[in-house]
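These are the residues of each chain, in order.
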Amino acid sequence: WARKLDGVYQGASRWTLQEPYLESYKSRATKDVRGYYYLTREPNWQDTLTRWDGLGSSEKARLRPWILSICVNATRDSVLCKNSLTSAETTGTVLQFTQRHLPKAKGLWDSYFKLGGRRSDITWRRDNPNLASMPFKDPRDPTVKRWLLNNVEDEWRLDGWTLKLDFKSQTNWGTAEVVFIPGATPHVNGLGGNTITMDANQALEEYGTRWTIRHEFGHVLGLPDCYVEFYEEEKQVMVSYQLDLGNLMCSRRGKLQKIHYDELKSAYFR
């Protein structure tokens, strides 16, 4: 029951924070990649679309939203996509219509897993390939410092490689730091940003807080969220889903994966 209550509280809290920004969340609907995901995992989907005229109405109704979603990913214009798909159905060119927009939809999907910002202060050299280090502003609180070490360094390691925090008492502009504000929604000021804001009302040792610092540190390194969240105006609901439940940047169940390591190596290893 405690978990149930916590889930209800978290949902209500997030809605309270999101409600003033519904207009912004509406615009994010163009980044809904479920159409790309489901269609490209459909067995022999190209053959199915080639036989569009012979499909039953229920089968067309099942596939149509996915095709429209792919078009919206590419054009960001739902009205244009509906009209264009209607025309494609009439002329028997549904497959060509879908294939025309598929590359941009794929690009959007891939972008959820690609580094979106880069830092200039990470040291990762060929003479010590299993160690990367990054300066971090000393929080001047032993409990917070230990919490950072225990969570960041514990998570950001893979197959012998590890990322170390190099705490600095004297820092330059741009050095990463963590700040605590009561009631704040945890976030980083941009991909590759330098300020992690955490909720001062949340206990450091709570699982949610520990996962959050691990996740938010990924944004400091330049990795984006790989969950999708937007407001669906027609149904008046907030839609939120994770692209990979095993991925640290997607889900609370997630962990560091090789895809993260590869992205970081391509950007920072010298």
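What counts, and where the lines are drawn
Residues numbered from 1 in each chain as written. Predicted model: local features only at pLDDT ≥ 70, side-chain atom pairs only at ≥ 80, totals over all residues. Heavy atoms only, no water. Helix = DSSP H or I, 4+ residues; strand = E, 2+ residues; numbered from the N terminus. Contact = heavy atoms within 4.5 Å. Disulfide = S-S within 2.5 Å. Pairing = 2+ DSSP bridges. Phe/Tyr/Trp six-rings, centres within 6.5 Å; stacked < 30°, edge-to-face > 60°. Lys NZ or Arg CZ within 6 Å of the ring centre and 35° of its normal. Buried < 20%, exposed > 50% of the residue type's maximum accessible area, 1.4 Å probe, protein only. Polar contact = N/O pair within 3.5 Å; in protein donor to acceptor, adjacent residues only side chain to side chain. Axes fitted to C-alpha atoms, helices over the stretch in contact; angles between N-to-C directions. Salt bridge = Lys/Arg side-chain N within 4 Å of Asp/Glu carboxyl O. Core = buried A, V, L, I, M, F, W, Y, C linked by side-chain atoms within 4.5 Å. Arc of directions from axis to C-beta.

One can find V144 in helix α8 (residues 142-155). Apart from the residues within four sequence positions on either side, V144 is in contact with P139, V178, F180 and L204.

What follows deals with the state of the cysteines. Applying the stated criterion across every chain yields a total of two disulfides. In this model C71 forms its disulfide with C81; the gap between the sulfur atoms is 2.0 Å. Residues C71 and C81 are joined through a disulfide that is left-handed, its torsion about the S-S bond being -85°. Of this pair, C71 sits in helix α5 (residues 57-75) while C81 sits in helix α6 (residues 78-91), placing them 10 residues apart in sequence.

The next thing to look at is the pairing of strand β8 (residues 237-242). Both strand β7 (residues 227-232) and β8 contribute to a ladder of six bridges, which runs antiparallel. The residue bridging Y227 from the neighbouring strand is Q242, located in β8. Counted along the chain from β7 to the antiparallel partner β8, the turn is four residues long, and its residue Q236 has a positive phi close to 55°.

This part takes up the packing of aromatic side chains. Geometrically, a pair of aromatic rings is defined through the distance of the ring centres and the angle of the planes. For the structure shown, the criterion picks out 12 aromatic pairs. Plain terms: the ring middles of W109 and F113 are 5.9 Å apart, the flat faces sit at 50° to each other, and that makes the pair tilted. Members of the aromatic cluster, each reached through a chain of ring pairs, are Y36, Y37, Y38, W66, W109 and F113. If you follow R41 out to its NZ or CZ, it ends over the ring of W109, 5.6 Å from the centre. Here the guanidinium or amino end of K265 rests over the ring plane of F269, the centre of that ring lying 5.1 Å away.

Looking now at the side chain of T175. Position of T175 among the secondary structure elements: in the loop between β3 (161-168) and β4 (177-181). Exposure remark for T175: the relative accessible area of 13% places this residue in the buried category. Among the polar contacts listed, one links the side chain of T175 to the backbone oxygen of N172, at a separation of 3.0 Å. Dropping the residues within four chain positions of it, T175 is found in contact with R119, P135, F136, K137 and N194.

Below, the discussion takes up the sheet that holds β4. Strands sit in the order β4-β6-β5 across an open sheet of three strands; the sheet is mixed. Strand pairing shows two members of the sheet lacking a second neighbour, β4 and β5 (187-188), which therefore form its edges. The sheet contact formed by β4 and strand β6 (residues 195-199) spans five bridges and is parallel. Note on β6: the bridge partner recorded for F180 is M198. Relative to the sheet, helix α9 (residues 207-221) contacts β5 and β6, its axis offset from that of β6 by approximately 160°.

So, about the environment of W45. With respect to the secondary-structure elements, W45 resides in helix α4 (residues 45-50). With a relative accessible area of 8%, W45 lands in the buried category. Between the alpha carbons of W45 and D154 there is a distance of 42 Å; along the sequence they are 109 residues apart. When neighbours within four sequence positions are excluded, W45 is seen to be in contact with L39, T40, L95, T98 and L102.

The next thing to look at is the pattern of salt bridges. All chains considered together, the criterion is met by 18 salt bridges. Where R34 meets D32, a salt bridge forms, and the shortest distance between an N and an O atom there is 2.8 Å. On the basis of relative accessibility, which here comes to 30%, the residue R34 falls in the partly exposed class. In this structure, K145 engages D138 in a salt bridge whose closest nitrogen and oxygen atoms are separated by 3.5 Å. K145 gets classed as partly exposed once you look at its relative accessible area, which sits at 29%. Within the structure, one salt-bridge network assembled from shared partners comprises E23, K26 and E233.

Soluble globular proteins tend to pack their nonpolar side chains together in the buried interior. F136, L148, W156, I196, F217 and L243 are the most contacted members of the largest nonpolar core, which totals 69 residues. Other than its neighbours up to four places away in sequence, W156 contacts W161, T162, L163, R214, F217, G218, L221, L223, L248, L256, H260 and L264.

What helix α10 (residues 258-268) keeps buried is the set H260, Y261, E263, L264, A267 and Y268. Down the axis of α10, the buried side of the element spans an arc of 165°, and every buried residue falls inside it. Looking at the buried residues of α10, the elements they touch are β2 (157-158), β3 and α9.

Overall, mixed pairing links the three strands, which are arranged β1-β3-β2 in an open sheet. Every interior strand has two partners, whereas the edge strands, β1 (131-137) and β2, have only one. Across seven bridges, β1 lies against β3 in parallel orientation. Bridging from a neighbouring strand, S133 pairs with K164 of β3. The strands touched by α8 within the sheet are β1, β2 and β3, with β3 carrying the most contacts at an inclination of about 155°.

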